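# Survey of secondary and tertiary structure
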Amino acid sequence: MNLSTVTVISIALLGILLFVLGANVTRNRALRGTGNQLPTDPSDRLLIAVRAHGNAAEYIPTMIVLLLVCSALSDSPAIGVLAVAAVAVRYVHAVGMLTSSTLASHGPIRDIGAVGTYLVGIALGVTAIVTL
C-alpha cells in the first residue's frame, strides 16, 4: 500500500475531528451537570453536540476505510483529491451542525457538508470498484 502524505494527513484530520466532536459532547455534558443528559429538544446544545458527533461517527470511519482501500489499489493523485474533499466536507458539516440554533431546520453550511459527504463517499466507493 502506498499512502500519499496528503492521504495520511487527511485521514489523521478526519480522526482528529471525530475525537474533538466527542470531547465536545463530554464538555457539554459536564456543563449540564446533573441536568437532563438525554435531551430531545432540537435546540438543546447538548443534543446538537451529540448529533454532530454521532453523524461524524457514522461517516468518517467508512470514508477512512474507503481511502485506505483506494490507496491500496491505486497511486492515482485522484485519491489525494478525494481525501482532501472528504476532510473539507466533514469539517464543513460539523461547523454547520455546531453553529445551528436548532436541528429542526437545515442551513446551507450543514447541507453543503451533507451533500458533499454523500458525493465524496460515493466517489470513493466507485473509485474502489473501478480500480480493481
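Scroll up to find the structure.
Because the structure is a prediction, the values reported are computed rather than measured.

Counting its regular elements, the chain contains 4 helices and 0 strands. Ordering the α and β elements of the chain from the N terminus gives α-α-α-α. Once the C-alpha set of the chain is aligned to its principal axes, its extents read approximately 50 × 25 × 20 Å. Out of the 132 residues belonging to the chain, those deemed buried represent 41%. Within the chain, residue pairs in contact and separated by at least 24 positions form 74% of the contacts whose partners lie at least 6 positions apart. In the form shown here, the chain has an accessible surface area of approximately 7000 Å², with 72% of it arising from carbon and sulfur atoms. Here the chain contributes 7 positively and 5 negatively charged side chains, and the mean placements of these two sets differ by 8 Å.

What follows covers the side chain of threonine 7. Along the chain, threonine 7 falls in helix H1 (residues 5–32). A polar contact is formed between the side chain of threonine 7 and the side chain of serine 4, at a distance of 2.9 Å. Once you skip the residues sitting within four places of it in the chain, threonine 7 turns out to touch Leu67, Ser71, Ile79, Gly80 and Ala83.

All right, on to helix H2 (residues 45–73) then. A rise of 1.5 Å per residue sets the reference length of H2, with its 29 residues, at 42 Å; its end C-alpha atoms lie 42 Å apart and thus fit the reference within 8%. The principal kink in H2, of about 25 degrees, is found at alanine 57, preceding the proline proline 61 by one to four residues. With a side-chain oxygen positioned 2.8 Å from the backbone nitrogen of leucine 46, the residue opening H2 is aspartate 44.

The rules behind each value
- Residues numbered from 1 in each chain as written.
- Predicted model: local features only at pLDDT ≥ 70, side-chain atom pairs only at ≥ 80, totals over all residues.
- Heavy atoms only, no water.
- Helix = DSSP H or I, 4+ residues; strand = E, 2+ residues; numbered from the N terminus.
- Buried < 20%, exposed > 50% of the residue type's maximum accessible area, 1.4 Å probe, protein only.
- Contact = heavy atoms within 4.5 Å.
- Areas by Shrake-Rupley, 256 points an atom, 1.4 Å probe, with all protein chains shown as cover.
- Lys, Arg positive; Asp, Glu negative; His and termini not counted.
- Charge placed at Lys NZ, Arg CZ, Asp CG, Glu CD.
- Polar contact = N/O pair within 3.5 Å; in protein donor to acceptor, adjacent residues only side chain to side chain.
- Expected span 1.5 Å × (residues − 1).
- Bend = angle between axes of the 7 residues up to and from the residue.

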